[in-house]
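Examination of the molecular architecture
The chain contents come next:
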Amino acid sequence: MFKRIKEDVQNVKARDPAARSSLEIILTYAGMHALWSYRLAHFFYRHKRFFIARVISQIARFFTLIEIHPAAEIGRRFFIDHGVGVVIGETCVIGDDVIIYQNVTLGGTGKEDGKRHPTIGNNVLIASGAKVLGSITIGENVKIGSNAVVLKDMPANSTVVGIPGKVVIYEGVRVRKSFDHSDVPDSLINYLARVEEELRELKKKVKELSEGSHGEKNKQADRR
């Protein structure tokens, strides 16, 4: 247990430039508190003490604002940075060296049975606000951008952004036009843009019909 705690603290020091000392990390990092509480709850869950496991997870949720289901499987050197609003579902499987930020959801898409939460590979980074939903697999070394909504499997060594999430970089090669977090598409804005374009086309056709009608009237007047 103490070896794992030491490994966790060293991991935070390596990944977070704001971390100044081991004591600061142990006492003030909510992500660490949530992770250590999860491990205790997971121990009881594996020994079929489900009620105790859930009580521990809910107490941890109350104090840290991070919800990790005790049945989830989490690898080593897992780091939750900031952490408020993080939700990790029951059938999640998370590999080693994974980083997630605040308001990330690793959840399901409905009331389906069995494996209904994502599997996250090793060395994955999931930025703030991202949602990874359903029984999907995220490959190793994937980066998921802020506020992305990922609903299908993603290949290893890729960067994923957008709603729904799409691969913009694969194996170090850009495969589509990329954009930063502030450019994540908004479905309402896209819809209004399409409506505006259709109105523009409609006005153009009406104008053409109107001009054609006036021209025909002028020709008839000339004949008279």
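Every chain's residues receive numbers from 1 upward, in the order its sequence appears when written. Side-chain atom pairs in this predicted model are given and counted only at pLDDT of 80 or more, local residue features only at pLDDT of at least 70, and totals for whole chains, interfaces and linings cover all residues. Hydrogens and water molecules were not included; the side-chain quantities draw on all heavy atoms of the structure.

**Observations regarding the confidence of the model for the protein chain**
pLDDT runs from 0 to 100 and stands for how confident the predictor is about each residue. Of the residues in the protein chain, 87% have a pLDDT of 70 or more, and the chain-wide mean is 84. Across the protein chain, strand β4 (residues 87–88) holds the top mean pLDDT of 94, while helix α5 (residues 187–223) sits lowest at 73. Only runs of H or I of at least four residues qualify as helices and only runs of E of at least two qualify as strands under DSSP, and these elements are numbered from the N terminus.

**Focus: the sheet that holds strand β10 (residues 131–133)**
With parallel pairing, five strands are arranged side by side in an open sheet as β1-β4-β7-β10-β13. Looking along the sheet, the strands with just one partner apiece sit at the ends: β1 (67–68) and β13 (149–150). In this description, strands pair whenever DSSP reports at least two bridges between them. Pairing geometry for β10 and β13, over two bridges, is parallel. Bridging across to β13, Val132 finds its partner in Val150.

**Concerning the packing of aromatic side chains**
To describe a pair of aromatic rings, you give the distance between the ring centres and the angle between the ring planes. Note on aromatic pairs: the rings of Phe, Tyr and Trp (six-membered ring only in Trp) are paired at centre separations within 6.5 Å, and the planes decide the class, stacked below 30 degrees, edge-to-face beyond 60, tilted for the rest. On inspection of all chains with the given rule, the structure shows three aromatic pairs. Ring centres of Phe43 and Phe44 lie 5.6 Å apart, and the angle between their planes is 80°; this geometry places the pair in the edge-to-face category. Summarising the aromatic geometry, the rings of Tyr45 and Phe50 are spaced 4.8 Å apart at their centres and angled 65° between planes, so their arrangement reads as edge-to-face.

**Points about the side chain of His117**
Along the chain, His117 turns up in the loop between β7 (105–107) and β8 (119–120). For His117, a relative accessible area of 8% gives the class buried. Identification of polar contacts relies on pairs of N or O atoms within 3.5 Å, with a donor-acceptor requirement for protein atoms, meaning one able to donate a hydrogen and the other able to accept it, and with residues adjacent in sequence counted only if both atoms are side-chain atoms. A polar side-chain atom of His117 sits 3.5 Å from the main-chain amide nitrogen of Glu90. Note on contacts: a residue pair is in contact if any heavy atoms of the two residues lie within 4.5 Å. Aside from chain neighbours lying at most four places away, what touches His117 is Gly89, Glu90, Thr91, Cys92, Leu106, Gly107, Gly108, Gly134, Ser135 and Ile136. Throughout this description, buried means an accessible area under 20% of the type-specific maximum (1.4 Å probe, protein chains only), exposed means over 50%, and partly exposed covers the range between.

**What to know about the side chain of His42**
Position of His42 among the secondary structure elements: in helix α3 (residues 30–46). For His42, a relative accessible area of 16% corresponds to the buried category. Not counting chain neighbours up to four residues away, the residues in contact with His42 comprise Pro70, Ala71 and Ala72.

**A closer look at the sheet that holds strand β14 (residues 158–161)**
Taken in spatial order, the seven strands make up an open sheet running β3-β6-β9-β12-β14-β15-β16, and their pairing is mixed. Each having just a single partner strand, β3 (79–80) and β16 (173–174) make up the two edges of the open sheet. Taken together, the four bridges between β14 and strand β15 (residues 166–170) define a ladder with antiparallel strand orientation. Considered in β15, the bridge of Thr159 is made with Ile169.

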